[in-house]
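The residues making up each chain are set out below.
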Amino acid sequence: MRQILRVIEQPRQCSYLPYETASLELRVITALGGGEYADLLARGYRRFGWQVFRPACPACSKCRTVRIRVQQFEPDAGARRILRKNENIRAELHPLFVTPEHVDLLNLYNRFMHGHRGWARRESTIDSYQDEFLSGAATLGRQWLYFDRDRLVGVALMDEAPGAISLVYCFYDPGWRATSPGTYSILIQLLYAKQSNLDYAYPGYWIEECPSMSYKNRFGPFEELREHPADGRDPVWVLSLGG
């Protein structure tokens, strides 16, 4: 692992719970092996491009670090219904790359989320997409491409480390929204991990009070990290009652 920076950012308003104060421990890592990444995931870190991060909030612990026990996961009736509703979708797993279709789809998604959830306006380019999604430990990255016939309608970025996957980010055509593409994408990735005999899937932080994050407890059983351990201390995971 080659790390060039490690800091804790200044406290700021939380983007998930605006009445709370948030802060992240940020690490800038330019080279990362698979085993090292698996260890960071087990310690509560997430990767996004060059940045590896985990919460370091001064007075709040509502971001709960969870991981799904993939081999015990079984789609329930609702999940099977979503899979059936998307039988027309073709899911393909690829290495990371970007095309103009990726960028157009991301911009379409961002414009929709600006109106739907008040996200800040943003327009991506090929260069900004590469910097945001394809940088850092990109050799660990994969992408699921979702097609309706020959039209790209969704992209899910996924990292794979020994024994685990990490669900990084997903965006899709708003016209696909009626059949729950976000849930469908999670199911595709969990079923892939199970078929690949992996142990865990890391879906990101679970915040029970935040509607956009509370859905994650539907994909149990999952474990919860007791605390974010310091260097040299082993992480402790326990079965979560929330899952």
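Residues numbered from 1 in each chain as written. Predicted model: local features only at pLDDT ≥ 70, side-chain atom pairs only at ≥ 80, totals over all residues. Heavy atoms only, no water.

A. Quick peek at the packing of helix H2 (residues 77-85) against helix H5 (residues 181-195). Contact geometry for H2 and H5: axes closest at 10 Å, N-to-C directions at 100 degrees. In this view, H2 runs roughly perpendicular relative to H5, as classed from their interaxial angle. On the side of H2, the interface is formed by Ala 79, Ile 82 and Leu 83, while H5 contributes Thr 183, Tyr 184, Leu 187 and Leu 191. Partitioned by chemical class, the residues of the contact of H2 with H5 number 6 nonpolar, 1 polar and no charged. (Axes fitted to C-alpha atoms, helices over the stretch in contact; angles between N-to-C directions. Helix = DSSP H or I, 4+ residues; strand = E, 2+ residues; numbered from the N terminus. Parallel < 35°, antiparallel > 145°, perpendicular 65-115°, else oblique. Contact = heavy atoms within 4.5 Å. Nonpolar A, V, L, I, M, F, W, Y, C, P; charged D, E, K, R; others polar.)

B. Quick peek at the sheet that holds strand E4 (residues 24-31). Pairing in this open sheet of 4 strands is antiparallel, and the strands run E1-E4-E6-E5 from one edge to the other. Across the chains shown, the open sheet's two edge strands, defined by having one partner strand only, are strand E1 (2-8) and strand E5 (46-48). Strand-to-strand, the axes of this sheet are offset by a mean angle of 25 degrees, without reference to chain direction. (Pairing = 2+ DSSP bridges.)

C. Focus on the pairing of strand E10 (residues 151-161). Counting buried positions along E10 gives 10 out of 11 residues, so the element sits mostly inside the fold. Taken together, the 8 bridges between strand E9 (residues 141-148) and E10 define a ladder with antiparallel strand orientation. Within E10, the position partnered with Arg 142 by the bridge is Met 158. The antiparallel pairing of E9 with E10 creates a hairpin that spans 2 residues between the two strands, and Arg 149 there sits at a positive phi of about 60 degrees. Relative to strand E11 (residues 164-172), E10 is paired through 8 bridges, and the arrangement is antiparallel. Directly across from Asp 159, in E11, lies its bridge partner Ser 166. Hairpin connection, E10 to E11: the antiparallel pair is bridged by 2 residues, and Gly 163 has positive phi, about 85 degrees. (Buried < 20%, exposed > 50% of the residue type's maximum accessible area, 1.4 Å probe, protein only.)

D. Broad picture of the nonpolar core. Among the nonpolar cores identified, the biggest contains 44 residues, and Tyr 129, Tyr 146, Val 155 and Ile 165 are the most heavily contacted of them. Contributions of two or more residues to this core are made by strand E7 (64-69), H2, helix H3 (100-117), helix H4 (126-133), E9, E10, E11 and H5. Here this core takes 7 residues from H5, the largest share from any one element. Beyond its immediate sequence surroundings of up to four residues, Val 155 is in contact with His 102, Leu 105, Tyr 129, Gln 143, Trp 144, Leu 145, Tyr 146, Tyr 169, Cys 170 and Phe 171. (Core = buried A, V, L, I, M, F, W, Y, C linked by side-chain atoms within 4.5 Å.)

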